[in-house]
Amino acid sequence: MRRRPVLSVLTVVYLAAVAYITLNPAPGDPAGNPLLRSLLRAVSAVPGLGWVDYAVAEFTANILLFVPMGLLFTLLLGRWRWWLAVSLGIAATLGIEFVQLFLPARFTDARDVLANTLGTLIGAAVAFAVTSRSRRAAGSPR
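Values in this document were obtained by computation on a predicted structure and should not be read as measured data. (Residues numbered from 1 in each chain as written. Predicted model: local features only at pLDDT ≥ 70, side-chain atom pairs only at ≥ 80, totals over all residues. Heavy atoms only, no water.)

Peer 1: Run through the side chain of Glu-97, naming residues and quoting values.
Peer 2: Structurally, Glu-97 can be placed in helix 4 (residues 82-100). Summary of buried charges: Glu-97 has no salt-bridge partner, and the nearest side chain of opposite charge, Arg-106, is 8.0 Å away. Discounting residues that sit within four places of it in the chain, Glu-97 has contacts with Phe-107, Thr-108, Asp-109, Asp-112 and Val-113. (Helix = DSSP H or I, 4+ residues; strand = E, 2+ residues; numbered from the N terminus. Buried < 20%, exposed > 50% of the residue type's maximum accessible area, 1.4 Å probe, protein only. Lys, Arg positive; Asp, Glu negative; His and termini not counted. Salt bridge = Lys/Arg side-chain N within 4 Å of Asp/Glu carboxyl O. Contact = heavy atoms within 4.5 Å.)

If you want it as structure tokens, here you go:
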């Protein structure tokens, strides 16, 4: 981490944001958000997208929330340790879901674990692809 101070700071800021979003004991009600409801109505009115509802939006948001985790951890740990980055993402989501058991306004859900794990995997894959491409461009064998 010493060799990558900016990346380390970004990771800490990102993790603090994830902790706030997922562990805030008094979260807002996104399902009651008029803008979100209007957006979901508009999207589901598009032919072929009638299946898009709040559950789909929430699942997708959980995936997107964890993409940076896989990306940042893989960049920090090195691309050949992508599996460790994904393991840390899984551990983080399991920890979040465990803590949410004790927060009255929060709910634990196995779909969150799946979505967060998918997001972490996608982020790790992006980091792996980007570092592979940059190494090939630089002429590095690995």
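So that's the structure; there's more coming.
Peer 1: Describe the packing of helix 1 (residues 5-23) against helix 3 (residues 54-77), with residues and values.
Peer 2: Helix 3 packs onto helix 1 with a crossing angle of 150° between their chain directions and a minimal axis gap of 10 Å. By the angle between their axes, helix 1 is roughly antiparallel relative to helix 3. Crossing geometry of helix 1 relative to helix 3 is assigned as left-handed. Note on element contacts: helix 3 touches helix 1 through Leu-65, Phe-66, Pro-68, Met-69, Leu-72, Phe-73, Leu-75 and Leu-76, opposite Leu-7, Ser-8, Leu-10, Thr-11, Tyr-14, Leu-15, Val-18, Ile-21 and Thr-22. Partitioning the contact of helix 1 with helix 3 into residue classes produces 14 nonpolar, three polar and no charged. (Axes fitted to C-alpha atoms, helices over the stretch in contact; angles between N-to-C directions. Parallel < 35°, antiparallel > 145°, perpendicular 65-115°, else oblique. Left-handed = near helix turned anticlockwise from the far one by under 90°. Nonpolar A, V, L, I, M, F, W, Y, C, P; charged D, E, K, R; others polar.)

Peer 1: I'd like to hear about the pattern of salt bridges, residue by residue, with values.
Peer 2: For the structure on display, the rule yields one salt bridge. A salt bridge links Asp-109 to Arg-111; the nearest nitrogen and oxygen atoms lie 2.7 Å apart. Judged by relative accessible area, which is 23%, Asp-109 ranks as partly exposed.

Peer 1: Any chance you could break down the layout of surface pockets for me, citing the residues and the numbers?
Peer 2: Put simply, the largest pocket is a space of about 630 Å³. Along its surface, the largest pocket is lined by 24 residues, and Pro-30, Tyr-54, Glu-58, Asn-62 and Arg-106 are the ones closest to its centre. At the level of elements, helix 1, helix 3, helix 4 and helix 5 (110-138) are the ones that each hand at least two residues to the lining of the largest pocket. Looking at the lining of the largest pocket element by element, the count peaks at seven residues for helix 3. Here the lining of the largest pocket is composed, by residue class, of 13 nonpolar, five polar and six charged. (1 Å grid on protein atoms, 1.4 Å probe; cavity = no way out; pocket = protein on both sides within 12 Å on 5 of 7 lines; lining within 4 Å. Points joined across faces, edges and corners; volume = space filled by probe spheres on them.)

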